[in-house]
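Okay, here's what each chain looks like letter by letter:
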Amino acid sequence: MKSMKILFAGGGTAGHINPALAVAGTIREKEPGAQILYVGAKGGTEERLVPQCGYTFRSITIAGFQRKLNWKNLKRNVQNVAHLFTSTQEAKRIIQEFKPDVCMGTGGYVSGPVLKEAQRLGFKTAIHEQNAYPGVTTKMLAPKADRVMLAMPEAEKYLKCGKKPIITGNPVRGEL
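Note that residues are indexed from 1 along each chain, following the sequence as it is written. With the structure being a predicted model, the display of local features is reserved for residues of pLDDT at least 70 and the display and counting of side-chain atom pairs for 80 or more, all residues being used for whole-chain, interface and lining totals. With hydrogens and water set aside, each side-chain value is computed from the structure's full complement of heavy atoms.

### Thoughts on helix α4 (residues 111–121)
Counting along an α-helix, one turn takes 3.6 residues, and residues three or four places apart therefore face a common direction. The classification of residues rests on relative accessible area computed with a 1.4 Å probe and restricted to protein chains. Under 20% of the type maximum is buried, over 50% is exposed, and intermediate values are partly exposed. Strands are runs of DSSP state E lasting at least 2 residues, helices are runs of H or I lasting at least 4, and numbering of each runs from the N terminus. Burial analysis of α4 places eight of its 11 residues in the buried class, which makes it a mostly covered element. Among the residues of α4, S111, G112, P113, V114, L115, E117, A118 and Q119 are the ones counted as buried. Note on α4: the residue one or two positions beyond its end, G122, has a positive phi of about 90°.

Given below as C-alpha cells:
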C-alpha cells in the first residue's frame, strides 16, 4: 500500500509554523507510514523548529516584502523580487521530486511560491489561516485552493474562495 505524502509550507513566525506541526503530528499519529516534508524559508525560524520535531525539512530562498518605504527596504524589496523567481524554481523542483498527495500551506511568505507552484502543477492544495484578517499569501492562494480552513469564521468575508471554507479553529501541538 502506498504511503500518504504531505508537503507542508509555512513560516516566518511560530504562528504559522506551530499549526503545521500540529497537523503533521496528528497525521503521524493516525498514519505512521505517512511521509511528511516541510518546506520553509532558508534562515527562517522553521529551519530550526521543524527538524527538532523530527520532520524532513527543505528550504527555499525567499523573504517577505517590506511595507515601510525607505532606501534600505527598497533595496531589500528589489532583491526579494529576484527571490520570487528563484524560489518558484526551487519549489517546483522540491514538489516534482517529492510528488505529494497534498500540499498544505499555513501562511507566511514562504507558502506563497510553494502552493502557487503546486496549484500550477496540478497538485491538491489546502491552506489554513490562523487569523481573523487573512494575510496576503492566504488571499492570493484561496481562490484556487482545493480546501481552505479558517481558525475564525470572520476571516471568510475577506477571502474569495473557490469552495466554502471549513472552520477548524487553530490546531495546537499535543506537547504544548
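### Some thoughts on the pairing of strand β1 (residues 5–9)
Buried residues dominate β1, accounting for five of its five residues. The two faces of β1 match: K5, L7 and A9 on one face and I6 and F8 on the other face are all buried. The sheet contact formed by β1 and strand β2 (residues 35–41) spans five bridges and is parallel. The partner of L7 across the bridge, within β2, is L37. By convention, a crossover is right-handed whenever its connection, traced from the first strand over the helix to the second and viewed with the strands pointing away, goes clockwise. The handedness of the β1 to β2 crossover, carried by helix α1 (residues 14–30), is right-handed. Strands were regarded as paired on the criterion that DSSP finds at least two bridges between them.

### Comments concerning the packing of aromatic side chains
Here is the rule: rings of Phe, Tyr and Trp (six-membered ring for Trp) pair when centre to centre is within 6.5 Å. Planes less than 30 degrees apart are stacked, more than 60 are edge-to-face, and the remainder are tilted. The tally for this structure, following the rule as stated, stands at two aromatic pairs. Ring centres of Y38 and F57 lie 6.2 Å apart, and the angle between their planes is 25°; this geometry places the pair in the stacked category. One end of the pair, Y38, is in strand β2; the other, F57, is in strand β3 (residues 56–60), with 19 residues separating them in the sequence. Pair check on accessibility: Y38 and F57 agree, each one buried. Their ring planes at 70° and their centres at 4.6 Å tell us that Y133 and Y158 sit as a pair that is edge-to-face. Taken as a pair, Y133 in the loop between β5 (124–129) and α5 (136–141) and Y158 in the loop between β6 (147–150) and β7 (166–167) lie far apart in primary sequence, 25 residues in all. With a relative accessible area of 38%, Y158 lands in the partly exposed category. Sitting above the plane of the F98 ring, K5 keeps its charged end 5.0 Å from the centroid. By definition, being over a ring means that NZ of Lys or CZ of Arg is both within 6 Å of the ring centre and within 35 degrees of the ring normal.

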